[in-house]
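Fold and contact review
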Amino acid sequence: MQYRHSLPSSVSFTGKGLLGYTFGPLNQKDIEIYYVEVSKGHDVYMISKKITRTYYILSGVGYFTIGGDRYDVSSGMLVEVPPKIEYCYSGTMTLLALSKPRWFNGNDTFTKWNPDVVDRQSMFITGNRSWLTRMAQLRIFGKSPINAYLRVNQRLWDNLPTFFTSFAPMRLYGDLLHALARKQEVRAQAFATLFLRNRPVLELIRRLVLECDHGATVRVAVLGCSTGAEPYSVAWTIRSARPDLKLVLYAMDISERAVEVAKEGVYPLNSAQLSGTDVCEVMSPGEIQELFHQDGASVTVKSWIKEGISWHVGDAGEPETRDMLGPQDMVIANNFLCHMDPSEAERCLRNIAELVRPEGYLFVSGIDLDVRTMVAQDSGWEPQQEMLEEIHEGDPYMRKYWPGRYAGLEPLNKKRRNWRVRYAAVFRIPSEVSAQGATRENDLKGTRQLPNCEPAVLSGMGHADNLRLQ
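Residues numbered from 1 in each chain as written. Predicted model: local features only at pLDDT ≥ 70, side-chain atom pairs only at ≥ 80, totals over all residues. Heavy atoms only, no water.

Moving on, we get to the overall build of the protein chain. The number of helices and strands found in the protein chain is 15 helices and 19 strands. Per-residue burial for the protein chain yields a buried fraction of 53% across its 470 residues. (Helix = DSSP H or I, 4+ residues; strand = E, 2+ residues; numbered from the N terminus. Buried < 20%, exposed > 50% of the residue type's maximum accessible area, 1.4 Å probe, protein only.)

Within a sheet, each strand pairs with its neighbour through backbone hydrogen bonds, oriented either parallel or antiparallel. Spatially, the three strands line up as an open sheet ordered E12-E14-E13, and their pairing is antiparallel. The sheet is open, and its two borders are formed by strand E12 (266-268) and strand E13 (292-295), each paired with just one other strand. Each strand axis lies, on average, 25° off the axis of its neighbour in the sheet, ignoring direction. (Pairing = 2+ DSSP bridges. Axes fitted to C-alpha atoms, helices over the stretch in contact; angles between N-to-C directions.)

Here we come to the packing of aromatic side chains. Tallied over the full model, the rule gives twelve aromatic pairs. Between Tyr55 and Phe64, the ring centres sit 5.2 Å apart and the planes meet at 55°, which makes this aromatic pair tilted. The burial state of Tyr55 is the same as that of Phe64; both residues are buried. The ring of Tyr63 is capped by Arg70, whose NZ or CZ atom sits 3.7 Å from the centre of that ring. Lying across the ring of Tyr401, Arg405 places its NZ or CZ 6.0 Å from the centre. (Phe/Tyr/Trp six-rings, centres within 6.5 Å; stacked < 30°, edge-to-face > 60°. Lys NZ or Arg CZ within 6 Å of the ring centre and 35° of its normal.)

Glancing now at the environment of Gly91. Structurally, Gly91 can be placed in strand E8 (residues 86-100). The spatial distance from the C-alpha of Gly91 to the C-alpha of Val38 is 7.1 Å, given a sequence separation of 53 residues. The contacts of Gly91, once residues within four sequence positions are left out, are Val38, Ser39, Lys40, Gly41, Val61 and Gly62. (Contact = heavy atoms within 4.5 Å.)

So, about the nonpolar core. In summary, soluble globular proteins display a tendency toward joint burial of nonpolar side chains. Residues Phe195, Val220, Val234, Leu249, Phe292 and Phe363 are the most contacted members of the largest nonpolar core, which totals 47 residues. Beyond its immediate chain neighbours, meaning those up to four positions away, Leu249 contacts Val220, Val222, Pro231, Val234, Ala235, Gly308, Ile309 and Ser310. Counting 40 residues, the second-largest nonpolar core is a separate cluster that includes Leu325, Cys338, Ile352 and Tyr423. (Core = buried A, V, L, I, M, F, W, Y, C linked by side-chain atoms within 4.5 Å.)

A few words now on a positive patch on the surface. On the surface, Lys49, Lys50, Lys84, Arg151 and Arg155 cluster together into a positively charged patch. Mapped onto the secondary structure, Arg151 falls in helix H2 (residues 145-158). Owing to a relative accessible area of 42%, Arg151 belongs among the partly exposed residues under this scheme. (Patch = residues over 30% accessible without salt bridge, like charges linked within 9 Å, V, L, I, M, F, W, Y side chains within 5 Å. Areas by Shrake-Rupley, 256 points an atom, 1.4 Å probe, with all protein chains shown as cover. Salt bridge = Lys/Arg side-chain N within 4 Å of Asp/Glu carboxyl O. Lys, Arg positive; Asp, Glu negative; His and termini not counted. Charge placed at Lys NZ, Arg CZ, Asp CG, Glu CD.)

Moving on, we get to the sheet that holds strand E16 (residues 328-333). With mixed pairing, seven strands are arranged side by side in an open sheet as E15-E11-E10-E16-E17-E19-E18. Of all strands in the sheet, those bounded by a partner on one side alone are strand E15 (309-313) and strand E18 (382-383). Contacts between helix H6 (residues 229-241) and the sheet are confined to strand E10 (217-223), strand E11 (246-253), E15 and E16, with E11 contributing the most and set at about 170° to the helix.

Laid out in structure tokens, this is it:
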């Protein structure tokens, strides 16, 4: 039995301004202990359903807001936060945090942004609100009846047969539920990720690189890379299909600690890391052996997969990103734009598209479909129809959140007039678009063109290992 625990090297939870390292796993199954470093504060106010959290301030100063009251804290103080009370904390502090019982999915409800950390207004306090927004943000005795309504409906929806939920009246009801969820929930970045998350995306990437010239250079950027599962998956796909190509892959995330974890390429098998997800969840034992070196309770990405990957900390929405990375044959921006408010996601998506060289490809999923459709049509992007349905349905984690969670993925509906644009997650960026920026009808047929990869003098990239991906 293990009696001592050193400070962990891997983060188990992170948020804007917050890093938490979990000790353990402990033999006491009903308790978790975190070592927390916070530079500004926690990004959102939240209410715990059942967990009591106790914070000991090791160093620094700040304050907790608990139940609407402010409590200044400094080194040596202890703060106890019971369940069912809204709280948050701000400041520059090092904390030791105890959670009892252990954290579980669904415990925390986010209520509003912390203005000390997030430089924008909460969607709960906007001015000109629609009736749907006012209903979604209604509070009775400090609680949201819509939140409870959405939870109950999601449970019911999950147990209904697919043929029933596909009926037009049910789809309309699902659309209403999803609209409420998008208005009601506070959006915050998450770090959940796993290897081989959307296999059809990887298959399309494989098909694209198969048609590159021998020995060419392929430039790929993976934005919102989290702890590295997606860029490693993409690298595996390309190198396993075309070992002769020179791959230049840029991986970027806004979280410095996430990038540090990704760069190391070491993943524990028996404890959460940053996101609380099992990154190998959908991999077979053979695939794990193909991609990793396994050492006891952790796995390490093989070195030949890591080769050529450049890791960066940065904001995909900032114009400086274009200067830092340069034009790319493929840009992959999956599963982080949905965590932004629509106006912010639109601005970020337009900036991301400028990274794609003419005739290159933009992969973008995990985003409000209204935002993606509007930007794609306005910009004249060509939606790729090859594997459109498979890619849309390829991420079960996003699909299962619909309709009761804002990040849920709307089921494909071919009765929509613009369904080929709305549900396409891959776009070719043409060198020229019409002055109106509208997508031409023949573009919707999705004739695929290959990236004009840069030619390069390159001997075959031999390797002893086989690889594998996100």
